[in-house]
Structures are given as C-alpha cells and as structure tokens.
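Summary of the model geometry
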Amino acid sequence: MSYDLVVIGSGPAGYVCAIRAAQLGLKTAVVEKRKTFGGTCLNVGCIPSKALLHASEMFEEAGHGLAALGVKVSAPELDLPKMMGHKTDTVSANVNGVAFLFKKNKIDSHIGAGRITAPGKVEVTAEDGSKSTLETKAIVIATGSDVMPLKGVDIDEKRIVSSTGALELDKVPGRLVVIGAGVIGLELGSVWRRLGAEVEVIEFLDRILPGMDDEVAKQAQRLFQKQGVKFRLGAKVTGAKATAKGVTLTVEPAAGGEAGQVQADVVLVAIGRKPYTEGLGLQDVGVAVDERGRVAIDDHYRTNVPGIYAVGDVVIGPMLAHKGEDEGIAIAEMLAGKAGHVNYDAIPAVVYTQPEIASVGKTEDELKKAGVEYNVGKFPFTANGRARANLATDGFVKVLADKATDRVLGVHIVGANAGEMIHEAVVLMEFGGSAEDLARSTHAHPTMSEAVREAALAVEKRAIHI
C-alpha cells in the first residue's frame, strides 16, 4: 500500500489535512487508533461538551430565566439519561460525517495504532494485533493531545475524573471540585453547576483563565461567582483520597503554608493537556521533540527528519481545534506545491460558558510587555438595545488598536454569543484593518454586534450610546 501522504490521527488537524490533500490530488490515507474518527474533539471534547453546555443552558433558562419575560412554566425536571443521549447522538452524527467525507474524497482509512518505523513507512497495529505497513512519500503527525496528569491525584474516571469522565457522569454530583480554572474546567464546571451541583474551582494561579486578557478574566470571575461558582485561587492540590462515598483533597497555599482538606463527591482534574506522542516511534527514527514534549517543527511544519511533518496539538501553539485545522490545510497545500499559510496573530479563542468569552490577537498585558503603545475602546452590553431586550446585559467589548497606525491588535468580548461576534474582528485583523474601518462599517440595528462597532468608536472616544 503506497501513498503520497499518510496522516496519523483523525482529529480536526488530521482529518482536515487528509481531505484537503485528497482534494489536491494526493493519494491519501489516515491511520486512527479509535474505532471512530474525529479525535478527542469530536469524540470526547469540543462536540460532546457543547451538546451538554447547550442542554444545561436550556435547563437553566427554563428554571430561572423565563419568568422575567412573562413566560410562566412549572419547575423543569432533569432527565439526565435523555440529555446524555442527545450528547451521544451529536457525537455520532459528527464522527459519521467525517467517515462519509473520507469515502467521498477517496481517502483510505486504517484503524489501528500507527508507528513510524522509518521515513516513508508507517506500521499499523490493529486491535487484534495484526500488523501492516504503509509506504508513503510524506507523513503528517496529527496525534493531538492527552489529559495532563496531576501528581498525587490519580484519575479513575469515577470519583476523580478527567474531562472525558466529566462528560459521562450518570448522576449530578452534590459537590464537584474542579482543579484548574482554565477553559475546560470552567466549561464543564458550569454544566454541572446548572444541573444542580455545588461547584468549587481550585486554581494554582491568583487568577482564572490564564493567557486571556486580565480585565476579561476578572469580569468573568465576578459573573461566575454571581452564578454560584466558588473559587479558591492561589492554591494547589497535593493529594487525593477517593472512597466509595467521595474524595478528600489535600490543598495548600501555592506560596506555601498550612495544608487543609476539601471534600467532594466528584473531582474534575482540568489542569491542561499535553502532546500525545506515545507509541509513535519518534525516538527510534530520530524525530526531535522540545522541552514540553511537543514535536519540534520549522515554519513549514517540517520535523528534523525529511518527509515527516507535524501539526495541531502535538506541536507548538494554542491547543485549539481550528488552529489545527488551519495547519492541516496549510501543510496539505504545501505538499501539493502550493503556498499554505496560517496567520497566528488572528486565531480566535472562545470559552463556551454563559456568558461566552471570546478573544483574538493581543491582550493588554502582552502589548505592555512588548512596549507597544495602544489605544483602548470599550463598550458595555448594558448600553446595547438588543442586549437589554434579551436580558443579556452582562459583559463588554474591548478593542485594542495601535496608537500610531490605528491597526486593530486585539479584540476581547465577554457576553452572550461572544463566540459568534468575535469573527468580524478576525476578518478585520486578517486584512490589517483599523479601528476606524470597523467604526465605519454599518451594523444592523438592533443587534448585539453593534457593541463591537461602538467599542471601535470608543477607541477615539466617540462611542454614541455611552
């Protein structure tokens, strides 16, 4: 079996890479260790979590949000098995969709664990132990990432769970403790809080959402606390003891001090993810990795071994599905002789909590550290007509523009549907647009997106509605 390209991994980076390569005429194969395609994202990550986020938001709305709009309903009853069934159906539709796209584009799929035995050779070990070898001109490693373990806290996916286990709980825990105040912890913590759990988040740093704009993170924390989520910041978990009745965590100040205990019915470990390279044979063929275990690549996704490339979570950069997709497209186009490209300054990030949090480009802290002079324009949703009508006035839009050129360097949004609104900022920044360009672009009234334009107007202190 000989190919132009073999992709190891069928997550967003891998399956998109394979499809684009096939579109460009390359004979392409994908190696996937799971029985279904789509990687972590479609099977146990982005897609199932969004199904539960939406369902739990509807449950919360029915129980607490409709009366103010003049809609009287009796208290909603949670049917958790039905909600989990919706999640499962959503996953199935997506993974089956990828399988259909592989067939449509004449991509061969090989189910089993892939191992690179030499440049141009991939050994596939099936579930029954049988082995086959694929020969190829190019290999793209797109094996994604795995849960980051925490020393002293052993995940059993029952009492102490990873994000995978948190998507499979068969009952609402009375008390859920989340270790890590990043995206995954906040999203899944919010799901179970809405369904009735008491939720506390323990974070080593003195803030939530590390890497996001500081003002955005502070506003988000206030909103989460208002919803009932408790935070213990500047604290570290050093041990966990699980029993049939629950979990006892040992927690101490991150800066040092006396340890205490925290009780939970379920503990979610969400301190981040690590590159997944297990069993790939990288050391045997001499593929270099960096100090964090990521496959080392150059600007064209090439490893140090000719003919072997890598994209997605397994390489440097934010662990985002859409970043992996764009890299998959870029390397496929490069292999086909075209000019693939990814603009890393215009990759959005979204936290799918309620309200949502979205950002693209630089934060204020990053601009300050880089010595870049900038102007700030902000606009609160409390001054937006559609937000008032929708009872969705939490949050704001912030636009950061270069002081000398007015070029937009970053946009940050806390608010309902922020994940959808951020994309006009992405397009603007992709074309090197200015705050003035955004300010002079007509926005339909009444819409939440008018707040984005008003924030751009506010860069030069000429917002209309504040």
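Note that the structure is a prediction, hence the values are computed from the model and not measured. (Residues numbered from 1 in each chain as written. Predicted model: local features only at pLDDT ≥ 70, side-chain atom pairs only at ≥ 80, totals over all residues. Heavy atoms only, no water.)

1. A look at the overall build of the protein chain
Tallying secondary structure elements over the protein chain gives 14 helices and 22 strands in all. Expected size for 466 residues packed as a compact globule is a radius of gyration near 23 Å; at 23 Å, the protein chain falls within 12% of this value. Oriented by its inertia axes, the alpha-carbon framework of the protein chain measures out at about 65 × 60 × 50 Å. The buried share of the protein chain, taken over its 466 residues, is 50%. Partitioning the intrachain contacts of the protein chain with sequence separation of at least 6 by distance along the chain shows that 62% fall at a separation of at least 24. For the protein chain, the exposed surface amounts to about 21900 Å²; the carbon and sulfur share of it is 51%. Averaging the coordinates of the 52 positive side-chain charges in the protein chain and doing the same for the 58 negative ones gives two points 2 Å apart. (Helix = DSSP H or I, 4+ residues; strand = E, 2+ residues; numbered from the N terminus. Rg over C-alpha atoms; globule rule 2.2 N^0.38 Å. Buried < 20%, exposed > 50% of the residue type's maximum accessible area, 1.4 Å probe, protein only. Contact = heavy atoms within 4.5 Å. Areas by Shrake-Rupley, 256 points an atom, 1.4 Å probe, with all protein chains shown as cover. Lys, Arg positive; Asp, Glu negative; His and termini not counted. Charge placed at Lys NZ, Arg CZ, Asp CG, Glu CD.)

2. Comments concerning a nonpolar patch on the surface
On the surface, Leu 69, Val 71, Val 73 and Leu 391 cluster together into a nonpolar patch covering about 340 Å² of accessible area. Examined against the element boundaries, Val 73 turns out to sit in the loop between α3 (46-65) and α4 (80-104). (Patch = residues over 30% accessible without salt bridge, like charges linked within 9 Å, V, L, I, M, F, W, Y side chains within 5 Å. Salt bridge = Lys/Arg side-chain N within 4 Å of Asp/Glu carboxyl O.)

3. Focus on the sheet that holds strand β9 (residues 175-179)
Here we have five strands laid out as an open sheet, ordered β8-β15-β9-β10-β11, and parallel in their pairing. Each of the sheet's edge strands pairs with one partner strand only, and the pair in question is β8 (160-161) and β11 (230-233). (Pairing = 2+ DSSP bridges.)

4. Looking at the packing of aromatic side chains
If you walk through the whole model with that rule in mind, you get one aromatic pair. Seen from their ring centres, Phe 37 and Phe 102 are 4.9 Å apart, and the 65° between their planes marks the pair as edge-to-face. Taken together, the residues Phe 37 in the loop between β2 (28-32) and α2 (39-44) and Phe 102 in helix α4 connect sequence positions 65 residues apart. A residue is classified by how much of its surface remains accessible, and Phe 102, at 2% relative accessible area, is buried. Over the aromatic face of Tyr 3 sits the side chain of Lys 27, whose NZ or CZ is 5.3 Å from the ring centroid. Between Lys 378 and the ring centre of Phe 396, over which it is positioned, the NZ or CZ distance is 5.8 Å. (Phe/Tyr/Trp six-rings, centres within 6.5 Å; stacked < 30°, edge-to-face > 60°. Lys NZ or Arg CZ within 6 Å of the ring centre and 35° of its normal.)

5. What to know about the packing of α3 against α4
Contact pair α3 / α4: the axes reach a minimum separation of 9 Å and the direction vectors enclose 140°. As α3 packs across α4, the resulting crossing turns out to be right-handed. Taking contact as the criterion, the partners of Ile 47, Pro 48, Ala 51, Leu 52, Ala 55 and Ser 56 in α3 are, on α4, Met 83, Met 84, His 86, Lys 87, Thr 90, Val 91 and Asn 94. Taken together, the residues that form the contact of α3 with α4 break down as eight nonpolar, four polar and one charged. (Axes fitted to C-alpha atoms, helices over the stretch in contact; angles between N-to-C directions. Left-handed = near helix turned anticlockwise from the far one by under 90°. Nonpolar A, V, L, I, M, F, W, Y, C, P; charged D, E, K, R; others polar.)

6. A closer look at the UniProt feature "domain: Pyridine nucleotide-disulphide oxidoreductase dimerisation" (unreviewed entry) in the protein chain
Taking the UniProt record as the reference, the feature "domain: Pyridine nucleotide-disulphide oxidoreductase dimerisation" (unreviewed entry) is found at residues 347-456. Secondary structure content for residues 347-456 is 34% helix and 28% strand, and the end C-alpha separation is 19 Å. (UniProt positions renumbered as here; feature names shortened; annotations may be inferred.)

7. Details of the environment of Val 31
Mapped onto the elements, Val 31 comes out in strand β2. Separated by 81 residues in sequence, Val 31 and Gly 112 place their C-alpha atoms 6.6 Å apart. Discounting chain neighbours no more than four positions away, the residues touching Val 31 are Val 6, Val 7, Ile 8, Gly 9, His 110, Gly 112, Ala 113, Gly 114, Val 122, Val 124 and Leu 134.

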